There are 6 protein chains.
Amino acid sequence: MEKIAVFPGSFDPITRGHESIVHRGLSLFDRIIVALGENPDKKGYFPIDQRIKWLEEVFQNEKRVQIKVYHGLTVNFCNEVNASYILRGLRTAADFEFERGIGQMNKVIAPSVETVFILSYPEYSAISSSIVRDIHRHGGDISAFIPTSLKIS
Amino acid sequence: MEKIAVFPGSFDPITRGHESIVHRGLSLFDRIIVALGENPDKKGYFPIDQRIKWLEEVFQNEKRVQIKVYHGLTVNFCNEVNASYILRGLRTAADFEFERGIGQMNKVIAPSVETVFILSYPEYSAISSSIVRDIHRHGGDISAFIPTSLKIS
Amino acid sequence: MEKIAVFPGSFDPITRGHESIVHRGLSLFDRIIVALGENPDKKGYFPIDQRIKWLEEVFQNEKRVQIKVYHGLTVNFCNEVNASYILRGLRTAADFEFERGIGQMNKVIAPSVETVFILSYPEYSAISSSIVRDIHRHGGDISAFIPTSLKIS
Amino acid sequence: MEKIAVFPGSFDPITRGHESIVHRGLSLFDRIIVALGENPDKKGYFPIDQRIKWLEEVFQNEKRVQIKVYHGLTVNFCNEVNASYILRGLRTAADFEFERGIGQMNKVIAPSVETVFILSYPEYSAISSSIVRDIHRHGGDISAFIPTSLKIS
Amino acid sequence: MEKIAVFPGSFDPITRGHESIVHRGLSLFDRIIVALGENPDKKGYFPIDQRIKWLEEVFQNEKRVQIKVYHGLTVNFCNEVNASYILRGLRTAADFEFERGIGQMNKVIAPSVETVFILSYPEYSAISSSIVRDIHRHGGDISAFIPTSLKIS
Amino acid sequence: MEKIAVFPGSFDPITRGHESIVHRGLSLFDRIIVALGENPDKKGYFPIDQRIKWLEEVFQNEKRVQIKVYHGLTVNFCNEVNASYILRGLRTAADFEFERGIGQMNKVIAPSVETVFILSYPEYSAISSSIVRDIHRHGGDISAFIPTSLKIS
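Residues numbered from 1 in each chain as written. Chains lettered and ligands numbered in written order. Predicted model: local features only at pLDDT ≥ 70, side-chain atom pairs only at ≥ 80, totals over all residues. Heavy atoms only, no water.

Moving on to the relation of the copies chain C and chain B. Its rotation angle being 180 degrees, the transformation that places chain C on chain B also includes 0.0 Å of axial translation and leaves an RMSD of 0.0 Å. Such a combination of rotation and displacement between the chain copies is what one expects of a two-fold axis. Of the residues that chain C buries at the interface, 100% are likewise interface residues in chain B, meaning the two copies contact each other through the same surface. (Least-squares fit on C-alpha atoms with pLDDT ≥ 70 in both. Contact = heavy atoms within 4.5 Å.)

Pasting the structure below:
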């Protein structure tokens, strides 16, 4: 049976950390769906169409990676697309505490979906989309934090 | 002297974790006041009347548990109702860090009120009202996380 | 029914932090048994007789505090002395993680014994017996960390 | 290509937490090698032969699980047995901090080996072999913490 | 070369913890710029003019401390004022996790600026501006948490 | 007045992380004393003479760095060598919790000595001497973790 994982996030914007987790996850899964969760109540910083375009650009040469938008619960989306795994990167202990809460409750409402974690590379462990947005908002240079193939000005 | 504890929260909604802490706290205190803190600036997800009704339902057979609404500082409310204790459940290290800040500052402004902690049972340690709301908002089934006596649809 | 708590530790040596937790715990319990756990495999730094003498000195005026030595599991000792509570102080997130493991397993092997936590006062939150021993071993002055009524040279 | 994972540990003794991680890991990997790391300098509590016998008993009906003993670095053992993955369970933030150090350094000395984490079930998150040993040493009942198929007296 | 440090914050309001870090930082740096970061999107609780006046009052006798308002990235402001250091106080592990993310990304976008941390004194480690605001909002007495030279009613 | 810092450790062995902290610390201090704490009760893995030789090799071109061995309390050694600062690198939240305990107690027994922290670079944040020793003990290659100028076989 094909092993499909969902890699969920808001990707506002995608960072080198995200890119790295997906590439490494491909050794573990047959297919990875990079799933941009759209939240009608939270507008985001970059427009959603732009965020999707960037995702498509970054993974254009990866046949086994698909980009999708979803609404609602991540585990429901997993069931829709026949994914049995959620892939997550772990950077810090705070990340872990947050992910544990979500992961353990997901396991109750969708026992067949397993959340799988891999460790961020150390050089990416400080990168978060929220700090990247903050730097961009103030006119700082974010090129060191986003995938090398992207240009965000 | 009667030992009275306040168990404060927004209970939006009450979870099995809350219910369990109150029941176990009854071995320690003569009376527990489940105190719903109303914040005029934050509307909450479930209407406040609904939340109170659920609390009353869950604890209807506990003579030693009362449900009250309060405004302002928790320690001031403790003084009003002659409670010398605040009861809190601890689930995670992040919980602890948060509670420590509040607890230590409370001790300065109201030295006679002692905050007392007990550990969540492991099976409830992942349950938080905010994740429960999130599941409910997206149409997921929350029955595994709220008291068995409640029906929230 | 009398509320009896055990306050377990190796008290090698007793610190101001320990002393403070016991005094504050007396508002919560009718009686507190300060229980020095003797571990035949670990000799300790100060002789056990000395440690007990210090405990007795510090609490000599507290009628509701008793000093005892025990072996084996803390929960078994609680059952022997009819204590339904274990009292613990929490200083740091690392403390919490450690206590949670012990506390949750204790709850399984002795469901009737409840572990109750109170927060260390900020000014005692850095004091640990192991650092105190280290300072003493190197001839440093430990008087700021041990109860004011004690003289350890 | 066959996906092989190593699940390393000292299993002194195996707990329900270990058992659960292996069973869940089988959905992710084709084969899991439960690898008991023998450390000549550290004797352990239960004899190594006994620990292996217990592992074999617990997983006797899982064709895809093998039990092995190894010495030296875990990543070297992975290379010997053609395993591209190390499987680990995460219980607490302290676990995570520890695993991150090991995992990130392993990634440097053996870039082809990926460490994969899954979350302990909440009900197993407090169980550690070291606390189990402590209970056993003092004559406590450990049956609630070890696999149901085992009898350790 | 003169050693200049920026001590950034929103100081809404300044606490005893902030005051203490600046005074201790003066042993390390020749000059400290207390820099109030103005965020046009976040109004704050106390008016910005009031916050600046309090800062000026607290440090009026320190020739080596200057008060400034800035917009945008902290590291850009450091470059403008020729500061090679950012001074930060650390209270809790959660503080540290937060500061690490910011500090490591700052190091990438402005490698010449070094972030330097000192530990909060234990008695100030529970004080945060956000809890102080909360107490003030509800009419509580905040005088124990703000510099002794200030009167905020 | 000359600003002198002590950088204490057991350097068993020195890592790239240590080397980096000292080099960066030189921007903050006039002189740094790399102080190898000798503990008569703990033999260490590498012989102490070897560890000193490595330190001397790594910092041979830094006129402002001195290598010394000390016994007893670090703060006492600071006083002997007229150092008003202890320099420490922070890698993880666990590091922070540990350092806070030591740092805050040091501040009590030697109020004139300030502990100053800088953040490890992300790429060094996973490196610890204890994991390096473990790899070396098992014949692994440690060259990626120790200063490039060293050869340890």
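That shown, we press on.
Let us look at the interface of chain A and chain D. Counting residues at the interface gives 26 residues for chain A and 26 residues for chain D. When the two sides are added together, the surface that chain A and chain D hide from each other amounts to roughly 2,300 Å², 63% of it contributed by carbon and sulfur. Interface area lost by chain A to chain D is led by Leu28, Phe96 and Leu119 of chain A, which between them contribute 25%. Here chain A is connected to chain D by 2 salt bridges. Across the salt bridge formed by Glu114 of chain A and Arg24 of chain D, the nearest N and O atoms sit 2.5 Å from each other. Linking chain A with chain D are 9 residue pairs in polar contact (both at pLDDT 80 or more), by the criterion used here. Mapped onto the side of chain A that touches chain D, the elements with two or more residues apiece are strand 4 (85-90), helix 4 (93-109) and strand 5 (114-119) of chain A. The element contributing the most residues to the side of chain A that touches chain D is helix 4 of chain A, with 8 residues. Looking at the side of chain A that touches chain D residue by residue, the class counts come to 12 nonpolar, 6 polar and 8 charged. (Buried area = accessible area lost by both parts, 1.4 Å probe. Salt bridge = Lys/Arg side-chain N within 4 Å of Asp/Glu carboxyl O. Polar contact = N/O pair within 3.5 Å; in protein donor to acceptor, adjacent residues only side chain to side chain. Helix = DSSP H or I, 4+ residues; strand = E, 2+ residues; numbered from the N terminus. Nonpolar A, V, L, I, M, F, W, Y, C, P; charged D, E, K, R; others polar.)

Quick look at the packing of helix 4 (residues 93-109) of chain C against helix 5 (residues 129-137) of chain D now. At their nearest, the axes of helix 4 of chain C and helix 5 of chain D sit 11 Å apart, and the two run at 45 degrees to each other. As the angle between them shows, helix 4 of chain C and helix 5 of chain D are arranged oblique. The element helix 4 of chain C and its partner helix 5 of chain D pack so that their crossing is right-handed. Here Gly101, Ile102, Met105 and Ile109 of chain C of helix 4 of chain C come into contact with helix 5 of chain D, specifically with Ile131, Val132 and Ile135 of chain D. Considered class by class, the residues forming the contact of helix 4 of chain C with helix 5 of chain D number 6 nonpolar, 1 polar and no charged. (Axes fitted to C-alpha atoms, helices over the stretch in contact; angles between N-to-C directions. Parallel < 35°, antiparallel > 145°, perpendicular 65-115°, else oblique. Left-handed = near helix turned anticlockwise from the far one by under 90°.)

So, about the environment of Val22 of chain E. Residue and element names in this part refer to chain E. Residue position: Val22 is located in helix 1 (residues 16-25). Residue classification places Val22 among the buried positions, given a relative accessible area of 0%. In sequence terms Val22 and Ile32 are 10 residues apart; their C-alpha atoms lie 7.4 Å from each other. If near-sequence neighbours (up to four positions away) are discounted, Val22 is found in contact with Phe7, Ile32, Val34, Phe59 and Val65. (Buried < 20%, exposed > 50% of the residue type's maximum accessible area, 1.4 Å probe, protein only.)

What follows concerns the interface of chain C and chain B. Every contact between the two is made by 26 residues of chain C and, on the other side, 26 residues of chain B. Taken over both partners, the interface formed by chain C and chain B buries close to 2,300 Å², and the fraction arising from carbon and sulfur atoms is 63%. If you sort the residues of chain C by the area they bury against chain B, Leu28, Phe96 and Leu119 of chain C come out on top, with a joint share of 25%. Applying the counting criterion to the chain C and chain B interface returns 2 salt bridges. The greatest single-element share of the side of chain C that touches chain B, amounting to 8 residues, is contributed by helix 4 of chain C. Broken down by class, the residue content of the side of chain C that touches chain B amounts to 12 nonpolar, 6 polar and 8 charged.

Here we come to the packing of aromatic side chains. Summed over all chains, the structure comprises 39 aromatic pairs over all chains. Ring centres of Phe7 of chain C and Phe11 of chain C lie 5.7 Å apart, and the angle between their planes is 45 degrees; on these two criteria the pair is classed as tilted. The two residues Phe7 of chain C and Phe11 of chain C agree in class, both being buried. Ring geometry for Tyr70 of chain F and Phe77 of chain F: centres 4.8 Å apart, planes at 20 degrees, overall stacked. On the accessibility criterion, Tyr70 of chain F (8% relative accessible area) is buried. Cluster of aromatic residues (ring-pair linked, three or more members): Tyr45, Phe46 and Trp54 of chain A. (Phe/Tyr/Trp six-rings, centres within 6.5 Å; stacked < 30°, edge-to-face > 60°.)

Moving on, we get to the pairing of strand 1 (residues 4-9) of chain A. Across a regular strand the side chains alternate sides, sitting on one face of the sheet and then on the other. Residues and elements named next belong to chain A. Here strand 1 lies mainly inside the structure; 5 of its 6 residues are buried. Summarising the sheet, strand 1 and strand 4 pair through 2 bridges and their orientation is parallel. Opposite Ala5, over in strand 4, you have Tyr85 as the bridge partner. (Pairing = 2+ DSSP bridges.)

For the match of chain A to chain D, the screw axis carries a shift of 0.0 Å, the RMSD comes to 0.0 Å, and the turn is 180 degrees. A share of 100% of the interface residues of chain A reappears at the interface of chain D, consistent with the copies meeting face to face through the same patch.

Tallied over the entire structure, the rule returns 49 salt bridges over all chains. Salt-bridge contacts for Asp12 of chain B lead to Arg51 of chain B; the nearest nitrogen and oxygen are separated by 3.6 Å. One end of the pair, Asp12 of chain B, is in the loop between strand 1 (4-9) and helix 1 (16-25); the other, Arg51 of chain B, is in helix 2 (residues 48-58), and 39 residues separate them in sequence. As far as the burial class goes, Asp12 of chain B and Arg51 of chain B line up, both buried. For Lys107 of chain F, the salt bridge is made with Glu114 of chain F, and the minimal N-O distance between the two is 3.3 Å. Bridged by salt links that share partners, the residues Arg24 of chain A together with Lys107 and Glu114 of chain D form one connected network.

Moving on to the pairing of strand 3 (residues 65-70) of chain A. Residues and elements named next belong to chain A. When strand 2 (residues 31-37) meets strand 3, the two strands line up parallel, connected through 6 bridges. The residue of strand 3 that forms the bridge with Ile32 is Val65. Note that the unit made of strand 2, helix 2 (residues 48-58) and strand 3 has a crossover that is right-handed. (Right-handed = clockwise from strand over helix to strand, strands pointing away.)

All names here are of chain E. Between its first and last C-alpha, helix 4 (residues 93-109) extends 25 Å over 17 residues, near the 24 Å set by a 1.5 Å rise per residue. Along helix 4, 12 of the 17 residues are buried, which leaves the element largely enclosed by surrounding structure. Residues Ala93, Asp95, Phe96, Glu97, Glu99, Arg100, Gly101, Gly103, Gln104, Met105, Asn106 and Lys107 constitute the buried set of helix 4. (Expected span 1.5 Å × (residues − 1).)

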